[in-house]
Amino acid sequence: MQTLDIHFKPSGIQWLGQIPKHWEVVRLKYVAILYTGDSIKDNDKYKYCIVNNSVPYVSTKDIDIYSNFIDYNNEMFISHYDTNFKRAYKDSILLCIEGANAGKKIAFLNQEVCFVNKLCCINNKSKTLHSKLLFYFLQSIFFKNTFFSNIKGLIGGVTAEHIGNFYIFKPPLKEQKAIASYLDTKCEKIAEFISKKEHTITLLKELKDSIINKAVTQGLDENTAFKDSGIQWLGQIPKHWEVRRIASIGSFSKGGNISRQDLIYNGNPAILYGDIYTKYEFKSYDLESKISKETSLLATPIYKGDILFAGSGETKEDIGKSIVYLGDEKAFAGGDVIIFRQQKHDSLFLSYTLNAKYAKFYKYIESKGEIIVHIYASNLRELRIPIPPLEEQKQIAKYLDDKVAKIDLAITKANEQIKLIQEYKTSLINECVCGRIDLNKEEQ
């Protein structure tokens with residue numbers, strides 16, 4: 001990036017520094033109209049479906065799903081003739097001003113929408129302000145710092161009136177368009193790079209699942225003879241393997257007497273059900289959560305080789321996720337952690353097996369609930385899994401450890417590349433909208 005070869009002046013904002021001498025500093029409310037939206041009661045949502053002469057309805061969660069400058073499409077639509085809902089007209093930006101999504105934003109430069117009350121519509125009313133540049137400005141470090149430093153209240157939010165008093169920088173209109181066009185080109189290339197990396201990550205995860213599923217259902221010997229497993233959705237397994245209900249090779253128990261409020265910085269290792277599907281994949285030698293000695297006296301202990309299932313989850317995909325604890329230190333399990341203990345088989349092999357595609361499918365169909373999903377030991381007891389001889393279990397577990405480690409390393413590198421390019425994008429936008437890049441030099 002090239003720096004500007006022009007004169008600067010103080011911005012008048014102490015912690016920002018200088019901006020180009022020919023730029024203006026104005027409050028947002030003088031160039032845009034700001035207002036919040038309206039909410040629909042859950043019991044009334046069924047009334048709003050796809051109809052003629054309607055516009056889509058945007059909620060805060062949609063900003064997590066969609067990216068910049070897109071046409072929104074949802075199952076909830078508001079009739080053009082319904083005057084009970086505020087509109088975000090073309091050339092508008094929706095900014096989430098409250099809650100967990102505070103600060104996230106989306107632009108609707110070519111489409112009209114309705115929107116929820118936790119979103120603030122920033123509609124460009126000035127002929128001297130380019131809407132797309134305004135959207136880029138709202139993505140700048142300067143604006144983000146201003147926004148988050150002004151969050152107040154228990155829920156955490158900033159009022160539309162307060163946002164209206166935030167400062168923005170306004171170069172001449174021709175320069176605004178040039179900056180926006182430059183950023184469009186750069187950000188499009190960045191988006192393409194990220195999309196390719198995310199596709200690579202998806203393929204790597206699919207490859208990992210495929211390798212695990214094949215190894216724990218067919219073994220490593222390509223020349224082995226096969227037999228029918230007797231389980232329709234499992235298929236054939238090596239002839240010398242057996243199929244067992246997991247209840248026949250071990251016993252189940254349940255954790256308890258630990259909640260998030262009991263966690264401390266340093267103490268005895270512990271695991272909560274949410275940790276199983278957010279912090280670990282197949283195994284753990286050292287549990288991140290810690291509890292006091294006093295809390296552990298009433299908690300359920302776990303030992304090396306125990307397999308731990310998540311008995312509750314937010315989705316059916318998460319439910320029943322399991323890991324094996326391989327640490328030497330005595331640890332403890334919280335509520336809704338289902339503990340499976342056995343002695344005769346390789347626990348790491350069992351962990352891979354219980355997270356294979358067919359096992360996930362079984363746990364998916366056995367789970368109950370919609371908002372919070374549950375599975376119980378009584379369901380897991382009936383899960384039938386293929387089991388090879390012990391030495392073969394150990395060979396498969398080692399093989400999968402090696403394969404998974406290599407794939408995970410590739411995934412980590414791809415994620416790091418995404419993070420770096422996202423940081424570059426943030427820096428690039430900030431430098432452009434604060435007047436620190438000479439576009440004439442960039443084009444040379």
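Being a predicted model, the structure only gives us computed values, none of them experimental.

Q: Describe the overall build of the protein, and please don't skip the residues or the numbers.
A: When you go through the protein residue by residue, the secondary structure sums to 12 helices and 28 strands. In terms of overall dimensions, the protein has C-alpha extents of about 80 × 55 × 50 Å along its principal axes. Across the 444 residues in the protein, those meeting the buried criterion constitute 48%. Taking all contacts inside the protein whose residues are at least 6 apart in sequence as the whole, residues at least 24 apart take part in 75%. Working note: accessible area of the protein is about 23400 Å², and carbon and sulfur atoms make up 49% of it.

Q: Quick rundown of the packing of helix 5 (residues 173-218) against helix 9 (residues 357-366)? Include the residues and the values.
A: Where helix 5 contacts helix 9, the axes come no closer than 8 Å and their chain directions differ by 95°. Taken together, the axes of helix 5 and helix 9 are roughly perpendicular relative to one another. Residues Asp209, Ser210, Asn213 and Thr217 of helix 5 touch helix 9, and the partners they reach there are Lys357, Tyr358 and Lys360. Its residues placed into classes, the contact of helix 5 with helix 9 shows one nonpolar, three polar and three charged.

Q: Residues and numbers for the pattern of salt bridges, please.
A: A complete count under the given rule lists 18 salt bridges for this structure. Ionic pairing is found between Glu281 and Lys208, a salt bridge with its closest N-O pair at 2.6 Å. One end of the pair, Glu281, is in the loop between helix 6 (273-278) and strand 19 (283-284); the other, Lys208, is in helix 5, and 73 residues separate them in sequence. Asp408 is paired through a salt bridge with Lys208; the nearest N and O atoms lie 2.7 Å apart. Of this pair, Asp408 sits in helix 11 (residues 390-433) while Lys208 sits in helix 5, and the two are 200 residues apart along the sequence. Classification of Lys208 as buried rests on a relative accessible area of 6%. A single salt-bridge network, built from bridges that share partners, covers Lys208, Glu281 and Asp408.

Q: Summarise the packing of aromatic side chains; cite the residues concerned and give the values.
A: One pass over the full model with this rule turns up 12 aromatic pairs. Taken together, a centroid distance of 6.4 Å and an interplanar angle of 45° make the contact between Phe252 and Phe309 tilted. Here Phe252 is found in strand 16 (residues 251-254), whereas its partner Phe309 is found in strand 22 (residues 307-310), with 57 residues between them in sequence. Look at Phe309 and you get buried, because its relative accessible area is 0%. The residue whose ring lies beneath Lys316 is Tyr364, and the NZ or CZ to ring-centre distance is 5.7 Å.

Conventions and cut-offs
- Residues numbered from 1 in each chain as written.
- Predicted model: local features only at pLDDT ≥ 70, side-chain atom pairs only at ≥ 80, totals over all residues.
- Heavy atoms only, no water.
- Helix = DSSP H or I, 4+ residues; strand = E, 2+ residues; numbered from the N terminus.
- Buried < 20%, exposed > 50% of the residue type's maximum accessible area, 1.4 Å probe, protein only.
- Contact = heavy atoms within 4.5 Å.
- Areas by Shrake-Rupley, 256 points an atom, 1.4 Å probe, with all protein chains shown as cover.
- Axes fitted to C-alpha atoms, helices over the stretch in contact; angles between N-to-C directions.
- Parallel < 35°, antiparallel > 145°, perpendicular 65-115°, else oblique.
- Nonpolar A, V, L, I, M, F, W, Y, C, P; charged D, E, K, R; others polar.
- Salt bridge = Lys/Arg side-chain N within 4 Å of Asp/Glu carboxyl O.
- Phe/Tyr/Trp six-rings, centres within 6.5 Å; stacked < 30°, edge-to-face > 60°.
- Lys NZ or Arg CZ within 6 Å of the ring centre and 35° of its normal.

Function cannot be read off these values alone, since they describe shape.
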